[in-house]
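Inside the fold
Given next are the chains, with one letter for each unit.
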Amino acid sequence: ALLLFLGLIDRLITIPLALIVTKLDYINLLKKLELGVFFFCWRQSLQAEKEGLSIAQHLKHQAQSEYGHAQYFCNLEGVKLKLSACDLFERENKKAYFWSRIDWDTLESYQVDGLSTKYLSTKILFGNKSASDFDWVNKLAFMTVLENFQSAFYEEMSGHCKPQHHDGLTCIALEEIIHAGVLEHCLSLLTNKHQLLLLKWHLRKYLALLLMPIDLLILFIKHEQRR
């Protein structure tokens, strides 16, 4: 019941958050966010495979989905990622933990690594550690919490975007909630304390959200300076 209540709180938080984000260069911001999640899921799938864990395939499937989300936002900008998800998988077989620069079909390039320590909010969320530094139960717990929040966020965003983007964002919101369900199931197989872990990461998320306005303000200033 408590986790359901926190889900309702998430939905209330996404109302002002979506309004603020739409004032930014949000398509560019979201494509980079999804690319960060893609790399994290892909690297974790390789780590799980190395350790012989069955969650490896789930994480790889999620990585492919997150890449599709990134490509969707790229298409809205009129750019395209040079490599497909499968191309990246093949390219990264031996370098997945080191290679992380993404190139578009324009002159744009982006360093994906470091999102978990790049912003004030993410520093608070992860305790100034890299997201990959946590054990499996904590990784699956915070991934579940964040995927649920992203789903609520995209659903709210769909009501503030251009009409032609509504269906795409609604579809992404649905895929994120499916990811969350799979992750929570995998978590429940690893520990009988999964609900306590989810609660812990919900609370850390709310602390992080307190600093998100500062991060968004910095992004807004940078966006205005580039105009």
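If you're wondering where the values come from, they're calculated on a predicted model, not measured in any experiment.

Thresholds applied
Residues numbered from 1 in each chain as written. Predicted model: local features only at pLDDT ≥ 70, side-chain atom pairs only at ≥ 80, totals over all residues. Heavy atoms only, no water. Salt bridge = Lys/Arg side-chain N within 4 Å of Asp/Glu carboxyl O. Helix = DSSP H or I, 4+ residues; strand = E, 2+ residues; numbered from the N terminus. Buried < 20%, exposed > 50% of the residue type's maximum accessible area, 1.4 Å probe, protein only. 1 Å grid on protein atoms, 1.4 Å probe; cavity = no way out; pocket = protein on both sides within 12 Å on 5 of 7 lines; lining within 4 Å. Points joined across faces, edges and corners; volume = space filled by probe spheres on them. Nonpolar A, V, L, I, M, F, W, Y, C, P; charged D, E, K, R; others polar. pLDDT = per-residue confidence, 0-100. Core = buried A, V, L, I, M, F, W, Y, C linked by side-chain atoms within 4.5 Å. Contact = heavy atoms within 4.5 Å.

**Here we look at the pattern of salt bridges**
Proximity of charged atoms lets side chains of opposite charge pair with each other. Applying the stated criterion across every chain yields a total of two salt bridges. Between Arg11 and Glu155 there is a salt bridge, and its shortest N-O distance comes to 3.4 Å. Within this pair, whereas Arg11 is found in helix α1 (residues 2-21), its partner Glu155 is found in helix α7 (residues 136-157), the two being separated by 144 residues in sequence. The exposure class assigned to Arg11 is partly exposed, which follows from its relative accessible area of 40%.

**Quick notes on the layout of surface pockets**
Of the voids in this model, the second largest pocket is the one considered here, and its volume is about 320 Å³. Lining the second largest pocket are 16 residues, with Leu3, Leu4, Gly7, Asn148 and His202 sitting closest to its centre. Elements with a minimum of two residues in the lining of the second largest pocket: α1, α7, α8 (166-190) and α9 (194-226). Among the elements that make up the lining of the second largest pocket, the one with the highest residue count is α1 (six residues). Across the lining of the second largest pocket, the residue classes tally to seven nonpolar, six polar and three charged.

**Regarding the confidence of the model for the protein chain**
As a note on interpretation, predicted positions should not be read in detail where pLDDT is low. In this model, the protein chain carries an average pLDDT of 85, and 85% of its residues clear a pLDDT of 70 or more. At the low end of the mean pLDDT range in the protein chain sits strand β2 (residues 109-111), at 57; at the high end sits α7, at 96.

**Digging into the nonpolar core**
Core analysis: the largest hydrophobic core is formed by 34 residues, its most contacted members being Phe38, Ile55, Leu59, Phe126, Phe142, Met143 and Trp201. Elements represented by at least two residues in this core include exactly α2 (26-50), α3 (55-77), α4 (85-91), α7, α8 and α9. Here this core gets nine residues from one element, more than from any other, and that element is α2. Look past the residues within four positions of Ile55 in its chain and what remains in contact with it is Ala48, Trp136, Leu140 and Cys186. Among the nonpolar cores identified, the runner-up in size contains 20 residues, and Leu6, Ala18, Tyr26 and Leu209 belong to it.

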